[in-house]
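Working through the structure, step by step
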Amino acid sequence: MVIITAGMIGVGKTTLTDLIATHKGTKAFFEPVGENPVLPLYYADPKQYGFLLQIYFLNKRFAMIKKALADDNNVLDRSIYEDALFTKENHSSGNISDAELDVYMNLLNNMMEEISVTKKGRPDLMVFADADFETILYRIKKRGRDYEQFDDNAELRAYYLKMWNAYRKWYEEYDASPKMRINLQEYDLEDADNRARVLSLIDERLQELEIEGK
C-alpha cells in the first residue's frame, strides 16, 4: 500500500505523513527541505533560481516515488504528482521562462510514463491536507523558518495566497489515484483525539477502496 500526502506548506502535512506511517507501521518519505541548498536561494531570488529549484525537486520526487512504488509499503510527504503545480505557478509569475517550462514538462512526462509502466503504476490513495488561509499563515509563522516569513514581504504573502487557491483547483482535477481531503483546521493534529479521528477517516477510505494494509 502506497499513500501520498499533498498540501500547502504550513498545513501540517509532514505531521500527517508521520502519523500515517506510524499507524501503518511503514516508512515515511519526507520532502527534502532541510537538506535543500536551493530553497533559501529561491526565496531570496525566485526569478534566478525558480527553474533550478523545480528540477531539484523533480529529481528527488521521481526517485522517491519509484522507490515507494517498488516497496509497495510507504507514505510520501508530497510527491511528483503535485510538482508541476509549483512549476506552472512559477512560470505564470515570470520566474520560469517558456523554454524552461517546456524542458521541465518534457522531462516530467517522460518520468510519468516510466512510473505508469511499473508493476504498481500509481499510489493507492492521495490524502490532501487542507486548512483556511489564515490558519496556514499562522502555522508558517509558528514553525519559524526565516526564508518563509512574510510580515515584511507582501509579495511572499501574495504568493502563499496564490498557491492556496491553486491547490484547491489542483485537488479537484487530480485523477492519478483515489483521493480524499482532510481538514487539518477542524482536526488539529496537536490533539490526540483529532489524530485518532483522522486515522479512522483514512482507514475508512482505504476500506471503501478495498485496499489492504497493516
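Small disclaimer: the values here were computed from a predicted structure and weren't measured.

The tally for this structure, following the rule as stated, stands at 18 salt bridges. With its nearest N and O atoms 2.9 Å apart, the salt bridge here joins lysine 120 to aspartate 124. For aspartate 124, a relative accessible area of 15% gives the class buried. Note that arginine 168 is salt-bridged to aspartate 130, the shortest N-O span being 2.9 Å. Here arginine 168 is found in helix α7 (residues 154-173), whereas its partner aspartate 130 is found in strand β4 (residues 125-130), with 38 residues between them in sequence. You can call arginine 168 partly exposed: its relative accessible area is 24%. Of the residues examined, aspartate 130 reaches a relative accessible area of 10% and is grouped as buried. Through salt bridges that share partners, Asp130, Arg168, Glu172 and Arg181 make up one connected network.

As a further point, take the packing of helix α4 (residues 83-92) against helix α5 (residues 98-116). If you want to describe how two helices pack, look at the angle between their axes and the distance between the axes. The geometry of α4 relative to α5 is characterised by a closest axis approach of 10 Å and an angle of 170° between their N-to-C directions. Taken together, α4 and α5 sit at an angle that is classed as roughly antiparallel. Across the interface between the two elements, Asp83, Ala84, Thr87, Lys88 and His91 of α4 pack against Asp98, Leu101, Tyr104, Met105 and Leu108 of α5. Tallied by class, the residues present in the contact of α4 with α5 amount to five nonpolar, two polar and three charged.

Once that is clear, we can look at the layout of surface pockets. Estimates place the volume of the largest pocket at around 730 Å³. Residue lining of the largest pocket: 36 residues in total, with Ile9, Gly10, Val11, Gly12 and Arg143 positioned closest to the centre. Of all the elements in the fold, those that place two or more residues in the lining of the largest pocket are α1 (13-24), α2 (39-44), α3 (46-71), α4, α6 (133-143) and α7. Taken as a whole, the second largest pocket holds about 380 Å³ of empty space. Together, 18 residues line the second largest pocket, and Ala84, Leu85, Lys88, Trp170 and Glu173 are the ones closest to its centre.

Turning our eyes to something else, we now look at the nonpolar core. Ile3, Leu16, Ile80, Tyr160, Trp170 and Ile202 are the most contacted members of the largest nonpolar core, which has 70 residues in total. Not counting residues within four places of it along the chain, the set of residues in contact with leucine 16 comprises Thr5, Val127, Ala129, Leu184, Leu189, Val198 and Ile202.

Parameters and conventions
Residues numbered from 1 in each chain as written. Predicted model: local features only at pLDDT ≥ 70, side-chain atom pairs only at ≥ 80, totals over all residues. Heavy atoms only, no water. Salt bridge = Lys/Arg side-chain N within 4 Å of Asp/Glu carboxyl O. Buried < 20%, exposed > 50% of the residue type's maximum accessible area, 1.4 Å probe, protein only. Helix = DSSP H or I, 4+ residues; strand = E, 2+ residues; numbered from the N terminus. Axes fitted to C-alpha atoms, helices over the stretch in contact; angles between N-to-C directions. Parallel < 35°, antiparallel > 145°, perpendicular 65-115°, else oblique. Contact = heavy atoms within 4.5 Å. Nonpolar A, V, L, I, M, F, W, Y, C, P; charged D, E, K, R; others polar. 1 Å grid on protein atoms, 1.4 Å probe; cavity = no way out; pocket = protein on both sides within 12 Å on 5 of 7 lines; lining within 4 Å. Points joined across faces, edges and corners; volume = space filled by probe spheres on them. Core = buried A, V, L, I, M, F, W, Y, C linked by side-chain atoms within 4.5 Å.

Read these as spatial facts, not as claims about activity.
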